[in-house]
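The chain contents come next:
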Amino acid sequence: MESLTKRDQKFIWHPLTQHKTHPEMLGISRASGVYLYDEDGKSYIDGISSWYTAVYGHCNPYIISRVCAQMHQLDQVVFSGFTHEPAVALSETLIPMLPENQERLFFSDNGSTAVEVAVKMALQYHFNQGKPKKVLLAFEEGFHGDTFGAMSVSGLSVYNGPFEDFSLEVKRIPVPLEENPSKILQQLEGILNASEVAAFVYEPLVQGAAAMKTHNRSGLEAVLKYLKNKEILLIADEVMTGFGKTGTCFASEQMQTKPDMMCLSKALTAGLLPMAITSCTGEIFEAFYEDEVSKGFFHGHTYTANPLACTAALAGLELYKSDKIQLGIRRIEQGHRKFLDSIEGHPKIRASRQCGVIMALDLDIQTDRYGNIRDRLMAFFMERGVFLRPLGNTVYLMPPYVIEPEELNILYDNIELLLDTL
Ligand SMILES: *Cc1c(COP(=O)(O)O)cnc(C)c1O
């Protein structure tokens, strides 16, 4: 049989890919724990948890056994007019883990739809009260997904070019750093005087796609507090940061000003099945709770709250609370700190940062005209059995919580080797 790489080229269109310059996809035949195995049997340590999802390890036996059992019980059912144990049990488990003002869960399929739902809820919240507001507020360089609403609030314009004329109206503010919070507040005052802002969509503390850009904590607090006082709805996109990435279960826990809505996906279902949740306060829910049918929220996807995905989430949350996983998280945090200390001042590092299990290094390298830096860095790691997918010239780690210290050291050693090779 021809290789997956070759067979793939016949019919498949890959995401985020220019096929003319990147025709070849690596065939992955299986995964286990922190390892991916390609079709030749070569193994790779998954240093980014397959885009922040597989945090309890790939093909986790406990999660698989729970989902298999559920599969024999109830596979899929319409979620309008019906409910089921996995969704109810998940709501009973998740709500107490969220900031105390979160009271309702709305299910959808992926991070983009979680944001889409939040944006639509925010717009209809104002509409239902007879005070429609059209403008959304977001951070520069945020990433919130690829559907129209989520794309509109995203500020990484490389993806948005052809669609800009079709976007929602969005005002952008810089992310809070040490030096700029008072300037941001001034800018906000101008924006709020000129437009009716419905909601602010933000990735709290760390912006994933913007190369793990971290925020100044008190600056973020000041922005959130200011907006809360002006009754702008706060939508925390915790699709990436959720479930233990930033040192707490949710980044919003580290803020005094709590969001009105939260978007969850990625690690929610432990890398097994796609699903997302948009949570909201009782106040938001109340604005839709009327005798008039049209005041309800008419949004739904065919696979909403799929019982198998809910079971994967439930099993994942049980693992999340276990001593073993909490210890794993602490171990990664300590490992990152030690590693960053050990390479401090390296001439090839322009900047470094860490937040929880997330660690990022900006490399001091010339972006040359020939060949893409990211691809060359990634190839360097893949050759050495390590799956890292740098963002531009930023190398980052977000390993599965089950990674062993020796495996973590392999990641660090290869980064160090890269630094010494540059
Ligand atoms: C990945 C991501 C999304 C989009 O999620 P998809 O499941 O890819 O649609 C949205 N927001 C953030 C912060 C993300 O990291």
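Residues numbered from 1 in each chain as written. Predicted model: local features only at pLDDT ≥ 70, side-chain atom pairs only at ≥ 80, totals over all residues. Heavy atoms only, no water.

Caption draft 1: Summary view of the overall build of the protein. Helix and strand counts for the protein come out as 13 helices and 16 strands. Computed over the C-alpha atoms, the radius of gyration of the protein is 22 Å, within 12% of the 22 Å expected from 2.2 N^0.38 for a compact globule of 422 residues. When its C-alpha atoms are laid out on the principal axes, the protein stretches across 65 × 55 × 45 Å. Partitioning the intrachain contacts of the protein with sequence separation of at least 6 by distance along the chain shows that 69% fall at a separation of at least 24. When the accessible surface of the protein is summed, it comes to about 20300 Å², and 53% of that surface belongs to carbon and sulfur atoms. Charge centroids of the protein, computed over 38 positive and 52 negative side chains, lie 3 Å from each other. (Helix = DSSP H or I, 4+ residues; strand = E, 2+ residues; numbered from the N terminus. Rg over C-alpha atoms; globule rule 2.2 N^0.38 Å. Contact = heavy atoms within 4.5 Å. Areas by Shrake-Rupley, 256 points an atom, 1.4 Å probe, with all protein chains shown as cover. Lys, Arg positive; Asp, Glu negative; His and termini not counted. Charge placed at Lys NZ, Arg CZ, Asp CG, Glu CD.)

Caption draft 2: Structural context of helix α4 (residues 85-94). Buried within α4 we find P86, A87, A89, L90 and L94. Taken end-on, α4 shows its buried residues confined to a sector of 165°, consistent with a single buried face. Facing away from the buried side of α4, by more than 90 degrees, are the exposed residues E85 and E92. (Buried < 20%, exposed > 50% of the residue type's maximum accessible area, 1.4 Å probe, protein only. Arc of directions from axis to C-beta.)

Caption draft 3: Main features of the site of the ligand. Inspection of the region around the ligand gives N110, G111, S112, F143, H144, G145, E203, D237, V239, M240 and K266 as its neighbouring residues. Contact distances for the ligand include 2.5 Å between an oxygen atom and a side-chain N or O atom of S112. Burial of the ligand by the protein amounts to 81% of the accessible area it has alone, namely 380 Å². The residue inventory of the shell around the ligand, partitioned by class, reads three nonpolar, five polar and three charged. (Near = heavy atom within 4 Å. Polar contact = N/O pair within 3.5 Å; in protein donor to acceptor, adjacent residues only side chain to side chain. Nonpolar A, V, L, I, M, F, W, Y, C, P; charged D, E, K, R; others polar.)

Caption draft 4: Quick look at the pairing of strand β13 (residues 349-355). Where β13 lies against strand β14 (residues 358-363), six bridges are found, and the strand directions are antiparallel. Its bridge partner lying in β14, Q354 is registered against M359. (Pairing = 2+ DSSP bridges.)

Caption draft 5: Region of interest: the sheet that holds strand β10 (residues 233-237). Spatially, β4-β12-β11-β10-β7-β5-β6 is the arrangement adopted by the seven strands of the open sheet, whose pairing is mixed. Of all strands in the sheet, those bounded by a partner on one side alone are β4 (102-108) and β6 (170-173). Within the sheet, the average angular offset between the axes of one strand and its neighbour, ignoring direction, is 20°. In this structure, strand β5 (residues 135-139) lies alongside β6, joined through four bridges in parallel fashion. Among the inter-strand pairings, A138 is bridged to a residue of β6, identified as R172. The sheet contacts of α4 involve β4, β11 (261-264) and β12 (276-281), and relative to β4 the element is tilted by about 140°. Sheet contacts for helix α8 (residues 217-229): β5, β6, β7 (197-202) and β10; angle to β7, the most-contacted strand, approximately 160°. (Axes fitted to C-alpha atoms, helices over the stretch in contact; angles between N-to-C directions.)

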